[in-house]
Amino acid sequence: MKTFNTTGKCIPSLHYMVDISHQVEAAAQLVRGGNYFCINRGRQFGKTTTLSVLKNKLDNEGYSVFSLSFEGLDDEVFSSLSRLLYVSMYMMQSCVEWGNVHNLSEESAAVLREFKDSDSGELSSMKYSKLIGTLCMTSKVVVFIDEVDYAGNHQEFVQFLGLLRENFLNRDNRPAYQSVVLAGVYDVKNLKLKLRPDDQHMYNSPWNIAVPFDTDMCLPAQGIADMLSEYMSDHKLQFDNISVARMIFDYTSGYPFLVSRICQIIDTCNYSWDKDGVLRATHDLLVERNTLFDDMVKKLNEYPQLKDLLKAILFEGKKRSFYTDEKYLQIGVMFNFIKNDYGNVAIVCRLVETRLYNLFIGENETARIFDMGQQDKNSFICDGHIDMRLLLERFCWHFNEIYNPEKDEEFLERNGRMIFLTYLRPIINGVGNYYCEAQTRDMTRTDVIIDYLGKQYVVELKIWRGNAYNERGEKQLSDYLDYYNLNTGYMISFCFNKNKKSGINEVVIGDKIIIEAIV
């Protein structure tokens, strides 16, 4: 029976998969047009799976597809260009030996056999180009090179790409590959290389012949629902696959690894295929170690500008225009934890956003407010419910005890939301989870949705801007509660008016109750 897969490529006969035919067809059209291109996406975004399905499609269309990977190659392979050319040709010959290449003419196969017989260990640029020309005279040859990032710091790789580029530009005079497809995280068109021993760096563009591959590779909600329908049929289960798929999409925005991992956790842990099961799976996912989150932390430490920007977006609600020339933004996009959202920097999905909140708040665990949350934790939980009114009361008391709004107004206005989330984290840690609604976040308000043992609580955090503004906020929160089918909501207003009256108020708006804390 099929399983959900989160390691290596997905195989349709073995794994539950969302239909990716739209992105495969988009790539196939580029191959048919004789284009060379790159599939650049973040870690675990389905690049290798896409290449695998694309190969099957092209095999059926009469192409001879060679699937190569640079993963795990020794540095010795990059000792010289002639050595790299020999190894790449040897890998192609091995593909034929293993029966992985179809539609190859006898004349083309003979070229590779003759190459194997030579076995010199090196291959000059001229001989390589001649071999490729002869190989492609009677076969439509397509070459996939996966995991090109492993070659990214070698000058010989740039020279290799330059040779492919030269053959491409001269293919009106001699045959060349029908198409070359590179796959990796980094954009090979702007490959950064260490070219001198004095550690000077420069940018080369050895692959400026590549056409863009901009097809959306995120998995759509309907595609997730169709995959779950197959799972239901196989396991003879009944659940609302459409609503479960929608919820998974809301948390992941269709990030392939995150979608598969949530489904995998629900399946292997025997969680229910409903809202509660999805919430439990997202909680498990957020606390585990995996390559995606590890890479994210590593890149934030390498690029402090990116880290500071994300903190400002998350905790201060700031908007930041997206400038494609800024290197640290390019890194965030390449590793798929930020995106260009209509000209503004945005975090790629709710799960990544929550993981960032946890990371940044974790760096603040030495703060007194975190200790207070740890001490108060058991006071708020009763029969699986959070006593949110009591939680807000205690937070108000600690906030006014620890901080001085009259002296630290600017600091508190910037960091009030971080202070509350730092207090909240130890209270729900290990059992519950939270996320901040990106659509309502700005410099004056943030809506926090707390998930705890299948129950949800909505808390609006906002800066006090007068009674009229406050009344509008209460109405907005009331409307927001309708979306979550809740009757009670909570609000924390950070007010820096010297004449303010701190404490808890209860406001009734229609059939909704708003419990507001003013600090």
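Please read all numbers here as calculations on a predicted model, not as lab measurements.

S.K.: What should I look at first to understand the nonpolar core in this one?
M.R.: Nonpolar side chains in soluble globular proteins tend to be buried together. Counting 131 residues, the largest nonpolar core has Leu228, Leu258, Leu310, Leu391, Leu421, Ile450 and Ile492 as the members making the most contacts within it. Sort the elements by how many residues they give to this core and helix 17 (residues 409-428) lands first, with 8 residues. For Leu258, the contacting residues outside a window of four places in its chain are Thr252, Leu285, Leu292, Phe293, Cys349, Leu351 and Val352. Core analysis: the second largest hydrophobic core is formed by 47 residues, Leu84, Leu112, Ala176 and Tyr177 among them.

S.K.: Looking at this structure, I do not really get the sheet that holds strand 4 (residues 179-184). What am I missing?
M.R.: The parallel open sheet is built from 4 strands, whose spatial order is 1-4-3-2. The open sheet terminates on both sides in strands that have one partner only, identified here as strand 1 (37-40) and strand 2 (64-69). Going across the sheet, the axis of each strand differs from the next one's by a mean of 15°, ignoring polarity. In terms of strand pairing, strand 3 (residues 141-146) meets strand 4 through 4 bridges, oriented parallel. Across the sheet, the residue bridging to Phe144 is Val181, located in strand 4. Together, strand 1, strand 2, strand 3 and strand 4 form the strand contacts of helix 2 (residues 47-60), whose direction differs from that of strand 3 by roughly 170°.

S.K.: Can you help me understand the pairing of strand 8 (residues 344-347) in this one?
M.R.: Within a regular strand, the side chains alternate between the two sheet faces. Two elements, strand 7 (residues 338-341) and strand 8, share 4 bridges in a ladder whose sense is antiparallel. Residue pairing in the sheet places Ile338 in a bridge with Ile347 of strand 8. A loop of 2 residues connects strand 7 with strand 8, the two strands running antiparallel in sequence, and Tyr342 in this loop sits at a positive phi of about 55°.

S.K.: Just checking my understanding: could you explain the packing of aromatic side chains for this structure?
M.R.: How two aromatic rings sit relative to each other is given by the distance of their centres and the angle of their planes. Scanning the model with the defined rule gives 30 aromatic pairs in all. Consider the rings of Tyr86 and Phe115, whose centres lie 5.2 Å apart with planes at 50°: the pair is tilted. With Tyr86 in helix 3 (residues 81-97) and Phe115 in helix 4 (residues 106-118), this residue pair connects regions lying 29 residues apart in the sequence. This pair shows no difference in class: Tyr86 is buried, exactly as Phe115 is. An angle of 80° between the planes, with centres 5.0 Å apart, marks the rings of Tyr483 and Tyr484 as edge-to-face. We classify Tyr483 as exposed; its relative accessible area is 59%. Looking at Tyr484, the relative accessible area reads 11%, which means it is buried. Connected via pairs of aromatic rings, a cluster forms that spans Phe395, Phe399, Tyr403, Phe420, Tyr423 and Phe494. The ring of Tyr251 carries Arg350 above its face, with NZ or CZ at 4.8 Å from the centroid.

S.K.: Would you mind going over the packing of helix 12 (residues 304-316) against helix 14 (residues 350-362) with me for this structure?
M.R.: Packed helix pairs are characterised by how far apart their axes lie and by the angle those axes make with each other. Packing of helix 12 against helix 14 leaves a shortest axis separation of 11 Å and a crossing angle of 105°. Looking at the two axes, helix 12 sits roughly perpendicular to helix 14. Packed against helix 12, whose contacting residues are Lys307, Leu310, Lys311, Leu314 and Phe315, the element helix 14 presents Glu353, Leu356, Tyr357, Phe360 and Ile361 at the interface. Tallied by class, residues from the contact of helix 12 with helix 14 come to 7 nonpolar, no polar and 3 charged.

Criteria and thresholds
Residues numbered from 1 in each chain as written. Predicted model: local features only at pLDDT ≥ 70, side-chain atom pairs only at ≥ 80, totals over all residues. Heavy atoms only, no water. Core = buried A, V, L, I, M, F, W, Y, C linked by side-chain atoms within 4.5 Å. Buried < 20%, exposed > 50% of the residue type's maximum accessible area, 1.4 Å probe, protein only. Helix = DSSP H or I, 4+ residues; strand = E, 2+ residues; numbered from the N terminus. Contact = heavy atoms within 4.5 Å. Pairing = 2+ DSSP bridges. Axes fitted to C-alpha atoms, helices over the stretch in contact; angles between N-to-C directions. Phe/Tyr/Trp six-rings, centres within 6.5 Å; stacked < 30°, edge-to-face > 60°. Lys NZ or Arg CZ within 6 Å of the ring centre and 35° of its normal. Parallel < 35°, antiparallel > 145°, perpendicular 65-115°, else oblique. Nonpolar A, V, L, I, M, F, W, Y, C, P; charged D, E, K, R; others polar.

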